[in-house]
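Working through the structure, step by step
So the chains spell out like this:
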Amino acid sequence: MDAAEAGLMDRAVQAVCSCVLWLSTSAIFVILVANTVLRYITGSSLQWANEVPELLFPWLVMAGVVIAAQHGAHIATTFLMEALPAAGRRIVACLAWLVVTALYATLAIATWRMLEIVHDEKSPILQIPGSVTYGCVMGGMVLLGVLALQSAMRAWHTPAAKPAAVVEEARVPGAHW
């Protein structure tokens, strides 16, 4: 996969996950506000209004997890990798990302096998099968696996580090908040 294809895949994953994130967040917000207003004004609420946010929340979470992984925003311990020489770092990073890819694939396959079982579980009011939320988890695992594989390829194709005399002192980034 060349840089152009990787960039296209990154943009596609970002677009899909951002859309899911915004739609699910907006729907949850609108439904909860409307239900609260109804409860305050009329003393009753929509029966399905508690169920829909529960069904949408896994979609919101998985979209956020994928976007965070794409931006490298998850917690990482890097001091062991930084202690390795550049060639060792490249090999270990590539192998580690391939292991992560295999683990995400394992989770996606396990979730796929559970879809038939959880499809029989229906939400109480709307009768939406449990496979809908499990499907979003499986989709998230597939996307995370693709991103991990892309990271393995990026680690493998990273050029060797420059000699120490040429490398400038790295600045420690400030807090992001």
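Here, every reference points to the structure presented above.
Everything in this summary refers to the structure shown in the same document.

Once that is clear, we can look at helix α2 (residues 51-70). Here α2 is 20 residues long and its end C-alpha atoms lie 30 Å apart, about the 28 Å a rise of 1.5 Å per residue gives. After α2 finishes, the residue G72 shows a positive phi value of roughly 65°.

For the rest of this paragraph, the subject is the side chain of S123. Assignment of secondary structure puts S123 in the loop between α4 (86-119) and α5 (131-156). Judged by relative accessible area, which is 8%, S123 ranks as buried. Engagement of the side chain of S123 in a polar contact is seen with the side chain of E51, the distance being 2.7 Å. Sequence-distant contacts of S123, defined by excluding residues within four places in its chain, comprise E51, L55 and I128.

What follows is about the nonpolar core. V13, C17, M62, V66, M141 and L144 are the most contacted members of the largest nonpolar core, which has 13 residues in total. Elements with a contribution of two residues or more to this core: α1 (3-42), α2, α4 and α5. The leading source of residues in this core is α5, at five residues. Every residue in contact with V13, bar those within four places of it in the chain, is listed here: V66, Q70, L143 and L147.

This part is about the packing of α2 against α5. One can describe the packing of α2 onto α5 by two numbers: an axis separation of 9 Å at closest approach and a directional angle of 5°. In terms of axis orientation, α2 runs roughly parallel to α5. Facing α2, whose interface residues are L55, P58, W59, M62, V65, V66, A69 and Q70, α5 presents V132, T133, C136, V137, G140, M141, L143, L144 and L147.

The next subject is the pattern of salt bridges. Once their charged atoms are close, side chains differing in charge can pair, the charge on each being opposite to the other. On inspection of all chains with the given rule, the structure shows one salt bridge. Salt-bridge contacts for R154 lead to D10; the nearest nitrogen and oxygen are separated by 3.9 Å. Taken together, the residues span a long stretch of sequence, with R154 in helix α5 and D10 in helix α1 at a distance of 144 residues.

Another point: the environment of W112. Note on placement: W112 falls in helix α4. As a C-alpha pair, W112 and V137 span 25 residues in sequence and 9.7 Å in three-dimensional space.

What counts, and where the lines are drawn
Residues numbered from 1 in each chain as written. Predicted model: local features only at pLDDT ≥ 70, side-chain atom pairs only at ≥ 80, totals over all residues. Heavy atoms only, no water. Helix = DSSP H or I, 4+ residues; strand = E, 2+ residues; numbered from the N terminus. Expected span 1.5 Å × (residues − 1). Buried < 20%, exposed > 50% of the residue type's maximum accessible area, 1.4 Å probe, protein only. Polar contact = N/O pair within 3.5 Å; in protein donor to acceptor, adjacent residues only side chain to side chain. Contact = heavy atoms within 4.5 Å. Core = buried A, V, L, I, M, F, W, Y, C linked by side-chain atoms within 4.5 Å. Axes fitted to C-alpha atoms, helices over the stretch in contact; angles between N-to-C directions. Parallel < 35°, antiparallel > 145°, perpendicular 65-115°, else oblique. Salt bridge = Lys/Arg side-chain N within 4 Å of Asp/Glu carboxyl O.

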